[in-house]
Amino acid sequence: MATSDADAGGVIPGDPTWHGTTLRIADPSKSIPFYVETLGMTLLDQTDDADGATTTYHLTTLPDGAAPYDCAPGSEEASEFLATYGGVTLKLRHKHGTEKEGGEFGGYHPGNKERDGFGHIAVSCDDVYASCERLEKSGVTFKKKPDEGRMKGLAFAYDPDGYWVEIVRRGTKGKISKEFNLSQTMLRVKDPKKSIPFYRRLGMSLMTERHFGDFSLYFMACGSPEPEDPTSEEATAAVRDLFPPVLELTHNHGTEEDAEFAHYNGNEEGREGFGGLVFRCDDIVGACNALGFEGDKGEGTDPDGYRVVIQ
């Protein structure tokens, strides 16, 4: 059982916490309205790479009770807010020029093809059926509507780049006032006995696990203690009521026994889409040394080759 494996080395130095999921986007004039106006997220800031060729847009679902956000993206105030924000962000990276119609760029790879590792992000809501009806009326298209397929009551919408956005029901109706909250990033893993200890070292807790005939799901989060029994119904219910997003690790049984098997990580040429995960900590050099990353770059990879950035 992956849950019983010892966490060799313990949590890395610097009080690490999950800070973001990165997706490449072709056109911010389409993606930003989708996530802000349609899904209710807040654009906290936008930052440019040193060469000026790429802009990253940092979005999140602010918690209930948060003061109205009035920092202008790109301003010093927005930068200061983002630097101290303790929640998880969705980081949309735009390489300038990809938005031009009729150009050579053919779009990003959204995942969910054979051997792809990245699956989707997710938002939670009180009423999947009512929310999906509203989304459809606003022009959103779907991979799966809530009344289709074997799994009733959940849906997969397409964002402007074709990434899947799962729409799932919260555990307790009315506990969160916003219609949607960013609630999940799903990655497929080859061997949970390697992946779970790795993310525990980054300060994450295994909140619940669910096992089926040929696959298992492991849900990890920051800021919450691990339950005594992550396989219990109580543990699953608690995850449904979380406001902070969880990292869902999907394991298709048997991949860990195939020495040649590997997932595509979203950064291979011709398959770029998912960029990686970002973690914050107070000791970047110490954290990178503990993980075996190159400290001068502040990044490395997890056991499946997904990019992990330490800031």
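To keep things clear, this report deals only with the structure shown in the data block. Treat the numbers as computed from the prediction; the structure is a model and nothing was measured.

Considering the overall build of the chain
(1) Moving on: Scanning the chain for helices and strands turns up six helices and 15 strands.
(2) Moving on: Its C-alpha atoms put the chain at 50 × 50 × 40 Å along the principal axes.
(3) Moving on: Look at the contacts in the chain between residues 6 or more apart in sequence, and 72% of them connect residues 24 or more apart.
(4) Moving on: With 32 positive and 53 negative side-chain charges, the chain shows a separation of 5 Å between the mean positions of the two kinds.

Observations regarding the sheet that holds strand 4 (residues 89-95)
(1) Moving on: The sheet built from seven strands is open, its strands ordered 2-3-4-1-13-15-14 with mixed pairing. What marks the edges here is a single partner per strand, and that holds for strand 2 (42-48) and strand 14 (299-301). Across the sheet, the mean angle from the axis of one strand to that of its neighbour is 25°, orientation sign disregarded.
(2) Moving on: Judged from the six bridges that link them, strand 2 and strand 3 (residues 54-60) form a sheet pairing that is antiparallel. Among the inter-strand pairings, Asp48 is bridged to a residue of strand 3, identified as Thr55.

Points about the sheet that holds strand 11 (residues 215-222)
One key point about sheets: their strands pair by backbone hydrogen bonds, in either a parallel or an antiparallel sense.
(1) Moving on: The mixed open sheet is built from eight strands, whose spatial order is 6-7-8-5-9-12-11-10. Of all strands in the sheet, those bounded by a partner on one side alone are strand 6 (142-144) and strand 10 (204-211). Neighbouring strand axes in the sheet, compared pairwise and without regard to direction, differ in orientation by 25° on average.
(2) Moving on: Examined bridge by bridge, strand 6 and strand 7 (residues 155-158) share two bridges and lie antiparallel to one another. Looking at the pairing, Phe142 lines up with Ala157 of strand 7.
(3) Moving on: Its contacts with the sheet put helix 5 (residues 233-240) on strand 8 (164-169), strand 10 and strand 12 (246-252), and the angle it makes with strand 10 is roughly 120°.

The rules behind each value
Residues numbered from 1 in each chain as written. Predicted model: local features only at pLDDT ≥ 70, side-chain atom pairs only at ≥ 80, totals over all residues. Heavy atoms only, no water. Helix = DSSP H or I, 4+ residues; strand = E, 2+ residues; numbered from the N terminus. Contact = heavy atoms within 4.5 Å. Lys, Arg positive; Asp, Glu negative; His and termini not counted. Charge placed at Lys NZ, Arg CZ, Asp CG, Glu CD. Pairing = 2+ DSSP bridges. Axes fitted to C-alpha atoms, helices over the stretch in contact; angles between N-to-C directions.

That's the geometry; what it means functionally is another story.
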